[in-house]
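# Coordinate inspection notes
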Amino acid sequence: MLVLTIGKLISMPKYLKQKTFLYNHVHFQFLDLSDRQFIGTYRLNKILVRELLDILTPFMVSSVTNAGLSIQRKLLTALRFFASGSYQQDIGENRGSAVSQPSVSRCITEVVNAFNRPEILNKYIHFPSSLGELNDVRLGFYEKFGIPGVIGVIDGTHIAIVPPKSEDIIYPEHVYINRKGYHSINTQLICDSNMKILNVCAKFPGSTHDSHIWRVSPVLGLLKHLHSIGHSSYFLLGDSGYGLRPWLLTPLTEYQPNTPEARYNTWLCRARSLIERCNGVLKMRFRCLLKHRVLHYAPEKASSIINACTVLHNICIGNNLPIIDNDGEFEENDYGILNNTAINEPNATRANTELIAGKRMQQQIINSYFK
């Protein structure tokens, strides 16, 4: 362990003082913090941070000077921001960072860009692409909820951002205002039975309806293809904001108590609550996503931060890490989740073959498991 007296430190050249200062802080973070304190501060444990360093290093810039920030330093600074959601100045003055606000900003940008590289993003977040992977996910839902066929639950959650520039041609400022009256990114999430995120889409403004994001999702194309070639026993669960289809089951809007239809609705809502819990865990673990914290970035940068947090969420879920909050603000009543109203489908009154097939699938499930 490096031990220096005050006199020796004062007599050192400036660049050596800076190098020694940074070394001592990194040493403090990895050795002097307990495992619980470390997870509470950075959300990952020490082993996972070291593994993540190995993965991210090829996509980050190493310091060329003795006084520059190491990749490890940059990662810890960014992780602290994701975990706390505090302003960059506060992160810079944190005992584990002690760097300037501009340096914090550069750290966050570099780390976020590395997380958004396809090699990283697709490694940790990907929808099952083979029947074997689909069957593994389906088995997880079956063991928890007793009905075969479910391969995910879907919902949108709103991540608050500062008002963007009003002169944007494609997405002007006003389209980011959601139904609750604040600016946001409407983020589509699909998770499995363990709350692992299988798909994330964080590129649409807050006024965009969940159903529109779903209509342009590549996951929809995959499920349509599966059903077209006869693999009809794979479907998602969603709320009434989505259109009923054979590959996406939704609740019934009209039913009598103590009937098979009522039992179906109870089951679907219980299983679908997984995605709401996933949203809550994601935001409580990475508090920069909480509604009252607000991401102070342009929409494109905010979307990249959301992607980075979902990658870290999956790492935490995959390693069964607990949620430990060192900020003393664990309670949060509003996760920014918006409950969707039922979607008005213009084709519902016509011979909509997909809707008819969805109703047939829904009734088949009710008849088979809830009579």
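Residues numbered from 1 in each chain as written. Predicted model: local features only at pLDDT ≥ 70, side-chain atom pairs only at ≥ 80, totals over all residues. Heavy atoms only, no water.

Per an unreviewed UniProt entry, the chain goes by the name DDE Tnp4 domain-containing protein and belongs to Acyrthosiphon pisum. Taken verbatim from the UniProt record of the chain, the Subcellular location (unreviewed entry) comment is "Nucleus". (UniProt positions renumbered as here; feature names shortened; annotations may be inferred.)

A word on the sheet that holds strand E1 (residues 150-160). The five strands lie next to each other as E3-E2-E1-E4-E5, forming an open sheet whose pairing is mixed. Strand pairing shows two members of the sheet lacking a second neighbour, strand E3 (197-205) and strand E5 (248-249), which therefore form its edges. Summarising the sheet, strand E2 (residues 184-191) and E3 pair through six bridges and their orientation is antiparallel. Note that in E3 the partner of Asn186 across the bridge is Phe204. Packed on one face of the sheet, helix H13 (residues 299-318) meets E1, E2 and E3 and runs near 170° to E3. (Pairing = 2+ DSSP bridges. Helix = DSSP H or I, 4+ residues; strand = E, 2+ residues; numbered from the N terminus. Contact = heavy atoms within 4.5 Å. Axes fitted to C-alpha atoms, helices over the stretch in contact; angles between N-to-C directions.)

The backbone of Met195 shows a phi angle near 70°, a positive value even though the residue is not glycine. Its identity is not glycine, yet Asn258 carries a phi of approximately 60°, on the positive side. Structurally, the position occupied by Asn258 is in the loop between E5 and helix H12 (260-285).

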